[in-house]
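Each chain, letter by letter, is given below.
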Amino acid sequence: MSTQTVYDVIVVGSGASGGVAAYALASKGLKVLCLEAGRMIEPHKDFYTHKYPFKWPYRGNAKPGKYGKLPQGMEWKINEWTENLYTVPQDDPYALAPGAKFTWTRLRAVGGRTLVWGRESGRFGPLDFKPKSLQDGFGEDWPITYEDLAPYYDKVETLIGVAGGGEDVYNSPANKNILPAFRPRCGEWLIKKGAAKLGIKTVAFPLAVLSKPYDNRPACHYCGACNFGCDTASRFSTLEVLFPKLEKMKNFTLRTNAAVHRVLLDRSTGEARGVSFVDTTNKLEYEAYGKTVVLGASMVESIRILFNSRNSEFPQGLANSSGTLGRYLMEHVAFNTVQGYFPQLVGQPSTNDDGPGASSLYIPRYNFGKKNDKFLRGYRFTFYTGCGMGPGPGAHLPGFGSAYKKRIKELYPAGVSIDGYGEGLPFDWNFVEIDPEGLKDRYGIPQVRFHTNAEYDHAFAMRDEMYGQMEEILKASGAEVLPYEKKNPYPLGSVTHEAGGARMGDDPKTSVLDKWNRCHDIKNLLVVDAACFTSHPEKSVTLTIMALALRASEHLAEEIRLGNT
């Protein structure tokens, strides 16, 4: 008779949360099984980082209609460079309630969305963890403080390699153990000078990209193609940085093509005893057993697993005695861009400004203490200048013929754009559920339906102020502002920074997770991805996801060592 392997921990997911959790737990000597719904990626085959648009049949955009009608905010993600990585919505649809919009970006592969993430690595600040008590009374406080998470920010930054971000700004703490910042482009210096005239501070942008060799990884070679992958591991992904370390550990097992859809419970104890998953290559269902289960499959997937694990004790979803599972979804107020050009740079020679694939400078939030009756909290700005892969600002102007071509070439090195991320607020009417109409995914797993709307008063008011501030900063920098129209706030999920739905809290009646990311109702079941977020400040979320996953995992490992779980 064969015996079934029982792991110390089963980790679901291999991206920012699951990958970090698996690495932290296996490094503590625990027997870890990591289940990833997608395949293993081979960077030299699957990434097209050095392929220029003119080398693609459709200049990188793919044949018209190939992807169907992409949700708003996804049109720049799925293209000929990345179509082999992302899940195309028309091939595996999800449901939307009448009037709802949600842009669900799925990437099923080892490394998850760290394969193509924006690499921004700013820390949340002290006020961000206590927005209700320290800012404006809205929403809820996290059950942890910045001081609780700071040591784990330190550890994550050392693990992944972060360049820049060494200057403290109010409520935007400096990164630690950092690499030198990347050299700003000419236009970025002009923005810095212009913002200074308005009393607005511009600082080095913290990026998980190597400005010098680190941890046996080479420095960035400035190809500017980070959004399509990285064939030198110069920018962090769990695939290229953590899994090579994990593969050397005999106590670690990775199983790919394993779509987890249900947590198994021990009826006698009420504790998690493993998971059920579908092998995506043969569509058969299997079970894996573990003493603890850690969900790090990404916000929507982890919530979907909990809903699909409902039983007689938890008819509204596993670990949902609070009734808050799937609610309070959040996303940045974003995709409000103003473009222009610097007259002093018009006609200058074209230079290679690809750099590290992102800005070298940015403007952190600066509106603290300024009373505003129209919206809560604040925003930050990034800006892009110089010669990139696109044709520049001239392409947006009307024209035709040789004079038009000449104008495009003149403006090409002079272009500048600025955009912002604003804080998104948690509302219980922004939620996700299992589709009541019975929609299932390609593997027969019940699919989700979103009830979400990003167009609310706070978002519109913040959008309006951001547009005004962006235009003022550009003009102070000497830029000519091109005509633009104010866009409505983009759908939740469009920035790929969605968060919430299984939030942390001290009160089991109003939250799903405790301060260690454990389910209040089931202590050996953890959720370590962005579903745990209680608020959603203007910063990018990935560094905080990794720090929370590391903190929860190290605490779990210690509890297991002490025999407390």
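Scroll up to find the structure this text is about.
For the structure given in this document, a descriptive report is provided here. All figures in this text were calculated on a predicted structure; none of them were measured in a lab.

## A short note on the packing of helix α6 (residues 186-197) against helix α11 (residues 457-476)
So, step 1. Two elements in contact, α6 and α11, have axes separated by 7 Å at closest approach and are oriented at 110 degrees. When the axes of α6 and α11 are compared, the pair comes out roughly perpendicular. Between α6 and α11, the contacting residues are Ile191, Gly194, Ala195 and Lys197 on the first element and Ile473, Leu474 and Ala476 on the second.
So, step 2. Tallied by class, the residues present in the contact of α6 with α11 amount to five nonpolar, one polar and one charged.

## Topic: the sheet that holds strand β3 (residues 95-96)
So, step 1. Here we have three strands laid out as an open sheet, ordered β3-β14-β13, and mixed in their pairing. Two strands in the sheet have a free side with no partner beyond their single neighbour: β3 and β13 (431-434).
So, step 2. Bridge count between β3 and strand β14 (residues 448-451): two bridges; the pairing is parallel. Bridge pairing in β14 links Leu96 to Phe450.

## Considering the sheet that holds strand β11 (residues 379-385)
So, step 1. Strand order in the open sheet formed by six strands is β4-β10-β11-β12-β9-β15, and the pairing between neighbours is antiparallel. Edge positions in the open sheet fall to β4 (203-204) and β15 (480-481), since each of these has one partner strand only.
So, step 2. Across the face of the sheet, α6 comes into contact with β10 (361-363), β11 and β12 (415-422) while running at roughly 145 degrees to β11.
So, step 3. Its contacts with the sheet place α11 against β9 (337-341), β10, β11, β12 and β15, and it is angled at close to 150 degrees to β12.

## Some points on empty space enclosed by the protein
So, step 1. All chains considered together, the criterion is met by five cavities of 30 Å³ or more.
So, step 2. Gly122, Ser172, Pro173, Pro206 and Tyr362 are the residues nearest the centre of the largest cavity, which is lined by 19 residues in total.
So, step 3. Counted by class, the lining of the largest cavity contains eight nonpolar, four polar and seven charged residues.

Definitions and cut-offs
Residues numbered from 1 in each chain as written. Predicted model: local features only at pLDDT ≥ 70, side-chain atom pairs only at ≥ 80, totals over all residues. Heavy atoms only, no water. Axes fitted to C-alpha atoms, helices over the stretch in contact; angles between N-to-C directions. Helix = DSSP H or I, 4+ residues; strand = E, 2+ residues; numbered from the N terminus. Parallel < 35°, antiparallel > 145°, perpendicular 65-115°, else oblique. Contact = heavy atoms within 4.5 Å. Nonpolar A, V, L, I, M, F, W, Y, C, P; charged D, E, K, R; others polar. Pairing = 2+ DSSP bridges. 1 Å grid on protein atoms, 1.4 Å probe; cavity = no way out; pocket = protein on both sides within 12 Å on 5 of 7 lines; lining within 4 Å. Points joined across faces, edges and corners; volume = space filled by probe spheres on them.

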